Amino acid sequence: MKLLTPACLTIALALVTVPVHATAQTPAKPAAKPAAKAATKSGSSAARTIEITGGDTMKFDKTTIAARPGETLHVVLKNTGTMPKAAAAHNFVVLKPGTDQVAFNNAAFNARETDFIPPAMKDAVITSTGLAGPGETVETTFKVPAKPGRYAFLCTFPGHFALGMRGTLVVK
Ligand SMILES: [Cu+2]
């Protein structure tokens, strides 16, 4: 569903131009995508890479990620959509079991300064990425909990959880 004509979109993009956060996990050059996979990080932990996408339909392409207890996952989220970053960016957030997902999302609505991770509930986060605008990729490397179970993952951009942008990390 396209809400904006291409012309509007261009203008919106020009107006928006959200600076790319210079987090350690975001490439320094927003325009140039790394041609090849980033060189293995020093100390190369045996992280298993999971690629996941999210687009303008506000859904992840994977709703289940299976993992072994305690393994290291490298989740790479690509935003395949075209909507301006301020209107629809995506992130990947894994929550601890027992977290009230609705409450978390309600709190996230007002947490734009912290990429929609509500500071008051950050202890509920197992891992999270930054926000990916159209065509951008964000990633996170984390240790899967040792305890088998089902861990919710979601996008905390306002409205996306309600539209179904969520899934389950199944640890067994
Ligand atoms: Cu999203």
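The structure this text deals with has already been given above.
A brief look at the structure comes next. Each chain has its residues counted from 1, running along the sequence as written. Two thresholds apply to this predicted model, a pLDDT of at least 70 for residue-level local features and 80 or more for giving and counting side-chain atom pairs, whereas whole-chain, interface and lining totals are computed over all residues.

## A short note on the overall build of the chain
Item 1. A count of helical and extended segments in the chain gives 2 helices and 8 strands.
Item 2. Counting from the N terminus, the helices are the DSSP runs of H or I reaching at least four residues and the strands are the DSSP runs of E reaching at least two. Helices and strands appear in the chain in the N-to-C order α-β-β-β-β-α-β-β-β-β.
Item 3. Three exposure classes are used, based on other C-beta atoms lying within 10 Å of a residue's own C-beta, which is placed from the backbone: buried for 20 or more, exposed for 12 or fewer, and partly exposed in between. Burial statistics for the chain: of 172 residues in total, 27% are counted as buried.
Item 4. Counted over contacts in the chain with a minimum sequence separation of 6, partners at least 24 positions apart contribute 71%. The contact criterion used is a C-beta to C-beta distance within 7 Å, with each C-beta placed from the backbone.

## Remarks on the sheet that holds strand β1 (residues 48-54)
Item 1. Taken together, the 3 strands give an open sheet; going across it, the order is β1-β3-β6, and neighbouring strands pair in mixed fashion. The open sheet has two free edges, formed respectively by β1 and β6 (137-143), since each of these has just one partner strand. When strand polarity is set aside, the average angle formed by the axes of neighbouring strands in this sheet is 20°.
Item 2. By this definition, two strands are paired if DSSP reports at least two bridges between them. Bridging between strand β3 (residues 72-79) and β6 involves 7 bridges; their strand directions are antiparallel. Note on β6: the bridge partner recorded for Lys78 is Thr137. Here an angle of 0 to 180 degrees is reported between the N-to-C directions of two axes, which are lines fitted to C-alpha atoms, with helices fitted over the stretch in contact.

## A few points about the sheet that holds strand β8 (residues 166-171)
Item 1. Spatially, the 5 strands line up as an open sheet ordered β2-β8-β7-β4-β5, and their pairing is mixed. Unpaired on one side and paired on the other, β2 (64-67) and β5 (125-128) mark the two borders of the sheet. Averaged over all neighbouring strand pairs, the angle between strand axes comes to 25°, with direction disregarded.
Item 2. Summarising the sheet, β2 and β8 pair through 4 bridges and their orientation is parallel. Counterpart to Ala67 in the pairing with β8 is Val171.

## What about the environment of Met58?
Item 1. If you trace the backbone, Met58 turns up in the loop between β1 and β2.
Item 2. Sequence-wise, Met58 and Gly164 are 106 residues apart; in three dimensions their C-alpha atoms are separated by 6.9 Å.

## Concerning the environment of Lys122
Item 1. One can find Lys122 in the loop between α2 (101-108) and β5.
Item 2. We classify Lys122 as exposed; it has 12 C-beta atoms within 10 Å.
Item 3. Between the alpha carbons of Lys122 and Phe104 there is a distance of 9.2 Å; along the sequence they are 18 residues apart.

## Section: the nonpolar core
Item 1. Definition of nonpolar core: a set of buried Ala, Val, Leu, Ile, Met, Phe, Trp, Tyr and Cys residues joined via C-beta atoms within 7 Å. Counting residues in hydrophobic clusters, the biggest one holds 30 residues, and the most contacted among them are Val93 and Phe153.
Item 2. Sorting the residues of this core by element identifies β3, β4 (93-95), α2, β7 (149-154) and β8 as the ones contributing at least two each.

## Quick word on α2
Item 1. Along α2, the residues that are buried comprise Phe104, Asn105 and Ala108. Angularly, the buried residues of α2 cover 95° about the axis, an arc narrow enough to put them on a single face. Exposed residues pointing more than 90 degrees away from the buried face of α2 are listed as Val102 and Ala103.
Item 2. Each element contacted by the buried residues of α2 is listed here: β4. In this context, the arc is that of the directions from the helix axis out to the C-beta atoms.

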